[in-house]
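# Inside the fold
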Amino acid sequence: MSKQSNRTLSILTSSVVVFIVTVLVAIPSSHPSSSPPKPPLVVVEALLTSSIRTSSPTSLRQSILVSSNSILTTKLLAENNRPAAAAGSNPFRNLFGDIASSLTGQQTSSRTMAALDSKISSMISYSWEDIRLDLESKQTPDERAFRSNVEKGIGPPSPLNKIRLYDESNKEEDIRVTFYRDHASWCPYCQKVWMFLEEKRIPYRVEKINMRCYGEKPASFQRLQPSGAIPVAIIDGKVYNQSNDIIFALEQLYNGPGHKSMLPSPEETEKRMKAQELLGLERKLFSAWMYWLTGSSRSKGSFINVLKEVENELKASKGDFFLGEQGYQIRVPKGEKTEYPCINKWFDAMETLESYTLTKGCYYSHCWDLPPQLGGCTYEQGGEPFEKAINGERLLNGSRGSWELPLVPHLGGVEPDWDWCGDENAAKREAVERLSFNHKAIVSFASRGAGKKGFPSYSAPLSDPNALPNEAVKGSVDACLRLVSMAMLNGIDLVSTDMDNLVETLAKDGGSDHVENVIASLAYLRDRIGVPRDMRLPAARQLRGHLNYMIGKML
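Anyway, here's the lowdown on the structure attached to this text.

Parameters and conventions
Sequence order as written defines the numbering, with residues in each chain counted from 1. Two thresholds apply to this predicted model, a pLDDT of at least 70 for residue-level local features and 80 or more for giving and counting side-chain atom pairs, whereas whole-chain, interface and lining totals are computed over all residues. With hydrogens and water set aside, each side-chain value is computed from the structure's full complement of heavy atoms. The numbering of helices and of strands both runs from the N terminus, where a helix is a DSSP run of H or I of at least 4 residues and a strand a run of E of at least 2. Three exposure classes are used, based on accessible area relative to the maximum for each residue type with a 1.4 Å probe and protein chains only: buried under 20%, partly exposed in between, and exposed over 50%. Every helix has an expected span of 1.5 Å times one less than the residues it contains. Along the arc lie the directions from the helix axis toward the C-beta atoms. Any two residues whose heavy atoms approach within 4.5 Å are treated as being in contact. Cavities and pockets were defined on a 1 Å grid built over protein atoms only: a cavity is a set of grid points that admits a 1.4 Å probe from which the probe cannot escape, a pocket is an open set flanked by protein on both sides within 12 Å along at least five of seven lines, and lining residues are those with an atom within 4 Å of any such point. Grid points are joined across faces, edges and corners, and a volume is the space filled by probe spheres set on the points. In this classification, Asp, Glu, Lys and Arg are treated as charged, Ala, Val, Leu, Ile, Met, Phe, Trp, Tyr, Cys and Pro as nonpolar, and every other residue, Gly included, as polar. In this scheme, strands are said to pair when DSSP sees at least two bridges between them. Look down the strands so they point away from you; if going from the first strand over the helix to the second traces a clockwise path, that crossover is right-handed. Lines are fitted to the C-alpha atoms to define the axes, a helix being fitted only along its stretch in contact, and any angle between axes, read from their N-to-C directions, falls within 0 to 180 degrees. In what follows, salt bridge is the name for a side-chain nitrogen of Lys or Arg lying within 4 Å of a carboxyl oxygen of Asp or Glu. Each nonpolar core is a collection of buried residues, namely Ala, Val, Leu, Ile, Met, Phe, Trp, Tyr and Cys, held together in the definition by side-chain atoms within 4.5 Å. Only Phe, Tyr and Trp rings take part, Trp by its six-membered ring, and two of them pair if their centres are within 6.5 Å. Stacked means planes under 30 degrees apart, edge-to-face means over 60, and tilted covers everything else. Only when the NZ atom of a Lys or the CZ atom of an Arg is both within 6 Å of the ring centre and within 35 degrees of the ring normal do we say a charge sits over the ring. Comment on the angle field: the value is read as roughly parallel under 35 degrees, roughly antiparallel over 145, roughly perpendicular from 65 to 115, and oblique elsewhere. Here is the rule for handedness: rotate from the far helix to the near one, and if that takes an anticlockwise turn smaller than a right angle the crossing is left-handed, while a clockwise turn gives right-handed.

## Things to note about the overall build of the protein chain
Per the secondary structure count, the protein chain includes 20 helices and nine strands. Per-residue burial over the protein chain gives 58% buried out of 555 residues.

Below you can see the structure in the form of structure tokens.
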């Protein structure tokens, strides 16, 4: 990762998270209880990172994420007869190039690949149907209903929703709002509108649009919004193209029964004045954060001063939110000392809101998505250990890879775990659900890692929508993902022998180039799991760790 994005990493991890959510004022704490939201989609348009677990890590090379300005297609290379790595060094390394599939020699013949795929099919007894049945036998009733509810737009919210009806009392033909938001679920301006819709329980239809650094915008959207900026909403046929305009229009139009007020009433003059004051503080905080993120380290002091203002506002509040029982973003793991206890208490309160947990991203996703959106970020001294931890390369204590199985709680003290998502097994089931539901598309997507870079390219280093997959590796990648899924459902021990046999067959019948291409494909997928787009953080961490374990077997 570049020095530009290192500033992002440092800011997000030093002691507070400062990815600003601009909804400040009116999120009541008396939120109806319901089951935890089910997370985002499979990795067809995905995003992820590095660090691997293996039974003999000393035989592997160090894992390094290169500059975000580099062209990002992964190639991990094993070194035969390499001396044992020094104690304490990370045994992995990523190499990046324009065409991952042809860096190391000729492609394996199609006849050889057909024979290899046939042999693999006879070796691996678990089909995707078997995996799906095994998953369903372990799922809770709410987990089994997830896909059906997503399709209908009812139940807990998900980034996968194309329509949102909340319950069966609302009908699709009665939807009055079409919400245009970013495809990756990362835009903070989209997030505040998204949360607002959910909090007010306004039925809406979703249209997903690329940010420019991730791909082209459709001409139909450009006609609605010539600048291309998101979010946009069409409400009763009228186009609104600023987030605050959308929010205020929704507040005026949906103020009757079933739609709670998100602003103090006109009679509450003092509270309305305070709400305006807090909106001003939000803009002040955002500006101070942005100057630090994209400008000089000298701006850090200004940001901290504004942060103290935020802390004091929360301290003076009668509840956990800014207006007492109402609601704003910044964080450390529970039990850690912090200069901002009220801000952390506010975070805890926000995580009781389904509308917030629905839209919550992770440090890794933000640290890769922010620099291309902002045109780059400046380097923050002292940020390198956090950068390595977030990218899976090394825990803060330097002992091993931070995405290495077994996973360390709170990313070793860097990023608080999402306890509200359930236990470790629930996270694994969520990851398997995403893989098994759309496995063909995911295999094809992963195989881009051993394929050809697309044209034109885009500024976001992890985005390559026009890349072409390497067809020759699909069968092998599919087999690896089936074993990874079974490992998450039933434990590594159940499939460890199958993994060893598969790796031996890939090397013997496919050759070293083919093995390297399979590794490159799995790493490409791992580095592109997006939160919340594809799944929630605990599931993403489990999938990254298990993919790394499979890669480690091959290195």
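Still more to cover.
## Here's the deal with helix H10 (residues 300-316)
Here H10 spans 25 Å end to end across 17 residues, near enough to the 24 Å set by a 1.5 Å rise per residue. Those residues of H10 not exposed but buried are Phe303, Val306, Leu307, Val310, Glu311, Glu313 and Leu314. All buried residues of H10 project into a common sector of 160 degrees when viewed along the axis, lining one side. In H10, the exposed positions that point more than 90 degrees away from the buried face belong to Lys315 and Ala316. Of the surrounding elements, those touching the buried residues of H10 are helix H9 (269-294) and helix H11 (341-350).

## Digging into the layout of surface pockets
Here the largest pocket is characterised by a volume of approximately 620 Å³. Every residue lining the largest pocket is counted, 31 residues in all, and those nearest its centre are Cys187, Pro188, Tyr189, Ile230 and Gln373. Within the residue set of the lining of the largest pocket, elements represented by two or more residues are helix H6 (188-200), helix H8 (243-253), H9 and helix H13 (363-374). If one sorts the elements of the lining of the largest pocket by residue count, H9 sits on top with seven residues. By residue class, the composition of the lining of the largest pocket is 16 nonpolar, 10 polar and five charged.

## Topic: the pairing of strand E5 (residues 177-182)
The buried fraction of E5 is high, at six of six residues. As paired strands, E5 and strand E6 (residues 204-209) are joined by five bridges and run parallel to one another. Within E6, the residue paired with Thr178 across the bridge is Arg205. Crossover connection from E5 via H6 to parallel E6: handedness right-handed.

## Observations regarding the sheet that holds strand E4 (residues 163-164)
The strand order E4-E6-E5-E7-E8 describes an open sheet built from five strands, whose pairing is mixed. Where the open sheet ends on each side, the last strands, each with one partner, are E4 and strand E8 (238-240). Lying over the sheet, H8 contacts E5, strand E7 (232-235) and E8, oriented at roughly 25 degrees with respect to E7.

## Describing the environment of Gly451
Turning to its location among the elements, Gly451 is positioned in the loop between helix H16 (439-446) and helix H17 (474-490). In this structure the C-alpha to C-alpha distance between Gly451 and Asn470, which are 19 residues apart in sequence, comes to 4.3 Å.

## Some words on helix H3 (residues 128-138)
Among the residues of H3, Trp128, Ile131, Asp134 and Leu135 are the ones counted as buried. What you see down the axis of H3 is that its buried residues fit within an arc of 120 degrees, all on one side. Exposed and facing more than 90 degrees away from the buried side of H3 are Glu129 and Ser137. Lining the buried residues of H3 we find helix H15 (424-437), H16 and H17.

## Some remarks on the pattern of salt bridges
Taken as a whole and judged by the stated rule, the model has 28 salt bridges. When the shortest N-O distance is used, the salt bridge between Asp134 and Lys138 registers 2.4 Å. One end of the pair, Asp134, and the other, Lys138, are both in helix H3, four residues apart, so they sit about a helical turn from each other. A network of salt bridges, in which partner residues are shared, links Arg132, Glu136, Arg147, Glu433 and Arg434.

## Some remarks on the nonpolar core
Core analysis: the biggest nonpolar cluster contains 71 residues, and Val477, Leu481, Leu502, Leu522, Leu543, Met550 and Met554 have the highest contact counts within it. By residue number, the principal contributor to this core is H17, which donates 10 residues. Counting 34 residues, the second-largest nonpolar core is a separate cluster that includes Tyr166, Trp186, Val232 and Ile247.

## A closer look at the packing of aromatic side chains
Given two aromatic rings, their pairing is described by the distance between the two centres and the angle made by the two planes. Evaluated as defined, the whole model comprises 10 aromatic pairs. Ring centres of Phe445 and Tyr524 lie 5.5 Å apart, and the angle between their planes is 50 degrees; this geometry places the pair in the tilted category. Of this pair, Phe445 sits in helix H16 while Tyr524 sits in helix H19 (residues 512-526), placing them 79 residues apart in sequence. Neither Phe445 nor Tyr524 differs from the other in exposure class; each is buried. Here the guanidinium or amino end of Arg147 rests over the ring plane of Phe437, the centre of that ring lying 3.7 Å away. Cation over ring: Arg528 sits above Tyr524, and NZ or CZ is 3.7 Å from the ring centre.

## Things to note about the packing of H15 against H17
In a pair of packed helices, the angle between the axes and the distance between the axes together describe the arrangement. It is at 9 Å that the axes of H15 and H17 come closest, and there the two elements cross at 155 degrees. Compared by their axis directions, H15 and H17 come out roughly antiparallel. Judged by the twist between their axes, the crossing of H15 over H17 is left-handed. Residues Lys428, Arg429, Ala431, Val432 and Leu435 of H15 lie in contact with H17, whose contacting residues are Ser485, Met488 and Leu489.

## A look at empty space enclosed by the protein
As a volume, the second largest cavity reaches approximately 80 Å³. In terms of lining, the second largest cavity is formed by Tyr364, Ile390, Trp403, Leu411, Glu415, Pro416, Asp417, Leu537, Arg541 and Arg544. Here the element with the most residues in the lining of the second largest cavity is helix H20 (residues 537-554); it accounts for three residues. Its residues placed into classes, the lining of the second largest cavity shows six nonpolar, no polar and four charged.

## Some remarks on the packing of H6 against H8
Remark: H6 packs on H8, axes separated minimally by 9 Å, with the N-to-C direction vectors making an angle of 10 degrees. Classified by the angle their axes make, H6 and H8 are roughly parallel. Contacts between H6 and H8 involve Tyr189, Lys192, Val193, Phe196, Leu197 and Lys200 from the former and Ser243, Asn244, Ile246, Ile247, Leu250 and Glu251 from the latter. Residue composition of the contact of H6 with H8, grouped by class: seven nonpolar, two polar and three charged.

## Considerations on unusual backbone geometry
A cis geometry characterises the amide bond from Leu405 onward to Pro406, with omega recorded as -5 degrees. Residues Phe455 and Pro456 are joined by a peptide bond in cis, for which omega reads 0 degrees. Inspection of the secondary structure puts Pro456 in the loop between H16 and H17. Notably, Tyr166 is not glycine yet its phi reads approximately 75 degrees, a positive angle. Residue placement: Tyr166 occurs in the loop between E4 and E5.

As far as function goes, none of this settles anything; it's purely spatial.
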